[in-house]
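# Coordinate inspection notes
Each chain is listed here by its residues.
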Amino acid sequence: MQPLGAQDDMISQRPVFVTEPHLPPLQEFIPYLEKLWASKRLTNGGPFHEQLEKELAAYLGVQHLSLFSNGTIALVTALQALRISGEVITTPYTFVATAHSLIWNNIKPVFVDVDPGTCNLDPARIEEAITPATTAILPVHCYGLPCDVDRIQRIADTYGLKVIYDAAHAFGVKQDGASILNHGDLSVLSFHATKVFNTFEGGAIICPDAKIKQRIDYLKNFGFADEVTVVAPGINGKMNEVSAAMGLLQLQHVDQALVTRAAIHRRYQDAFADVPSLRLLQAPTGLEWNHAYCPLFVGPDHPVSRDALYALLKKHGIHARRYFYPLVSSFPMYRGLPSAAPEHLPHAQTLADQVICLPIYPTLRAEDQERLIGIILQTAR
Ligand code: T4K
């Protein structure tokens, strides 16, 4: 291995972040803004909102969806819509919003370990976590790789549980040609700036039928059924018209963005293929992955630790991120729970200790990717 400071001459390069929002050409957005200025219809289910719900459902291959102001409010509302209470089984290896959405509904999270191959909830560990208070399972399609949806559904059917997928990472992912968003009772997407498909901020709940969509639509608009009727203690979770317009425009560009992401991921795969101490996730056969993230797992036999590699990249202006470290279960509001005990979550802990998410976004410059690959490979020698 060469000394870590060997490439100091490159440190002055412009910074590279784990992601950069995908933005279509500005001039293509102007006509949408002109319409908005003319109509003065800015929010509350305006025409862009209605159009985007239809176009997105068609694009994603789902029956119905309800747009939201962000993925977190959508998660909170999905739990409300199904009247989930008591205990919910979930993963500790995720963004904090997953578990926080339970707390906001006064629900106790019960953490279950993950499968190290997929980083998703391990179905073999779910049944032992079920108690009389369990009402639902809240798995995450982490990094856009699908959970074992069939086994999870079998468990849910056996024990009479609901399943809500946190599909924040899973925009457009298909298994054997079918959307993974149609599994479980509901799925929740995020359209945050850092996501594969962004509306600046935004999100959606995928609904299997019109009745549940109607209830969710009430809930995201304070519970109003009409001007004088309030049917539920709803919240304000509506997507505004600027975000909805951005979504309509993004839909025209997202296929190309997915192709570019796949190419960037392939280059990482080729680059690290001969380094056994570095692991990238493998997509299962038949998966149309969205390459939402590029997690690299730095094994214990790698000459440099994960944190040393993270610091080295940072020194070179490459701001990779350790998603998802620390584990959600280790934060103060969760660590007192019996299910949060680290010995109960060994695989999740190992992943959190080894992960480093590499920059992946359509405008990542090839020279920046080669530079960061070079830095990482240097640590393997
Ligand atoms: N469930 C899961 C599994 C999730 O991953 C998330 C969100 C949610 C639920 C909740 O969905 P939302 O309510 O957010 O819709 C980011 C995102 O804020 C968050 O959406 C995402 N997951 C999480 C994994 O990542 P941070 O704190 O890492 O973001 P930040 O601001 O450090 O951004 C990362 C990098 O992206 C920056 O270093 C630079 C770049 N960036 C970021 C923003 C916001 C830009 O270039 N432009 C930007 O506007 O959480």
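Everything quoted here is computed from the prediction, not taken from an experiment.

### What to know about the overall build of the chain
When you go through the chain residue by residue, the secondary structure sums to 11 helices and 17 strands. The globule rule puts the C-alpha radius of gyration for 381 residues at 21 Å, and the 21 Å found for the chain is close to it. If you line up the chain on its principal axes, its C-alpha atoms span 70 × 55 × 40 Å. Sorting the 381 residues of the chain into buried and exposed places 53% on the buried side. Sequence separation of at least 24 residues holds for 72% of the intrachain contacts in the chain that already meet a minimum separation of 6. Once the 31 positive and 37 negative side-chain charges of the chain are each reduced to a mean point, those two points are 4 Å apart.

### Quick word on the sheet that holds strand β4 (residues 108-111)
Judged by pairing direction, the sheet is mixed, and its 7 strands sit side by side in the order β2-β10-β9-β6-β5-β3-β4 without closing on themselves. Among the strands making up the open sheet, the edge pair consists of β2 (64-68) and β4. The sheet shows a mean angle of 25° between the axes of neighbouring strands, taken without regard to direction. Sitting on the sheet, helix α2 (residues 47-60) touches β2, β9 (186-190) and β10 (203-207), and the angle it makes with β2 is about 130°. Here helix α6 (residues 210-219) sits on the sheet in contact with β2, β9 and β10, set at roughly 10° to β2.

### Some remarks on the nonpolar core
Ranked by size, the top nonpolar core spans 61 residues in total, and within it Leu 56, Leu 60, Leu 65, Tyr 93, Tyr 143, Phe 171 and Phe 191 carry the most contacts. The set of elements that each furnish at least two residues to this core consists of α1 (26-39), α2, β2, β10, α7 (241-251), α8 (254-272), α10 (346-354) and β17 (355-358). Top contributing element to this core by residue count: α7, with 6 residues. Once residues within four sequence positions are removed from consideration, Tyr 93 is found in contact with Val 114, Cys 119, Cys 142, Tyr 143, Phe 297, Tyr 323, Phe 324, Leu 327, Ala 348, Leu 351, Ala 352 and Val 355.

### What to know about the site of the ligand
Lining the immediate environment of the ligand, one finds 24 residues, of which Thr 72, Asp 166, His 169, Arg 321 and Tyr 323 sit closest. Between the ligand and Lys 195, the relevant distance is 2.8 Å, taken from a nitrogen atom to a side-chain nitrogen or oxygen of the residue. Contact between the ligand and Arg 321: an oxygen atom at 2.7 Å from a side-chain N or O atom of the residue. When the ligand sits alone it has 920 Å² of accessible area, and the protein chains cover 75% of it. Split by residue class, the shell around the ligand holds 10 nonpolar, 11 polar and 3 charged.

### Side note on the pattern of salt bridges
Going through the model one piece at a time under the given rule, you end up with 13 salt bridges. Between Arg 306 and Asp 307 there is a salt bridge, with its nearest N and O atoms 2.7 Å apart. Under the relative-accessibility criterion, Asp 307 is labelled partly exposed at 36%. Close ionic contact of Arg 365 with Asp 368 constitutes a salt bridge, the shortest N to O distance being 3.2 Å. Classification of Asp 368 by relative accessible area gives buried; the value is 1%.

The rules behind these values
Residues numbered from 1 in each chain as written. Predicted model: local features only at pLDDT ≥ 70, side-chain atom pairs only at ≥ 80, totals over all residues. Heavy atoms only, no water. Helix = DSSP H or I, 4+ residues; strand = E, 2+ residues; numbered from the N terminus. Rg over C-alpha atoms; globule rule 2.2 N^0.38 Å. Buried < 20%, exposed > 50% of the residue type's maximum accessible area, 1.4 Å probe, protein only. Contact = heavy atoms within 4.5 Å. Lys, Arg positive; Asp, Glu negative; His and termini not counted. Charge placed at Lys NZ, Arg CZ, Asp CG, Glu CD. Pairing = 2+ DSSP bridges. Axes fitted to C-alpha atoms, helices over the stretch in contact; angles between N-to-C directions. Core = buried A, V, L, I, M, F, W, Y, C linked by side-chain atoms within 4.5 Å. Near = heavy atom within 4 Å. Polar contact = N/O pair within 3.5 Å; in protein donor to acceptor, adjacent residues only side chain to side chain. Areas by Shrake-Rupley, 256 points an atom, 1.4 Å probe, with all protein chains shown as cover. Nonpolar A, V, L, I, M, F, W, Y, C, P; charged D, E, K, R; others polar. Salt bridge = Lys/Arg side-chain N within 4 Å of Asp/Glu carboxyl O.

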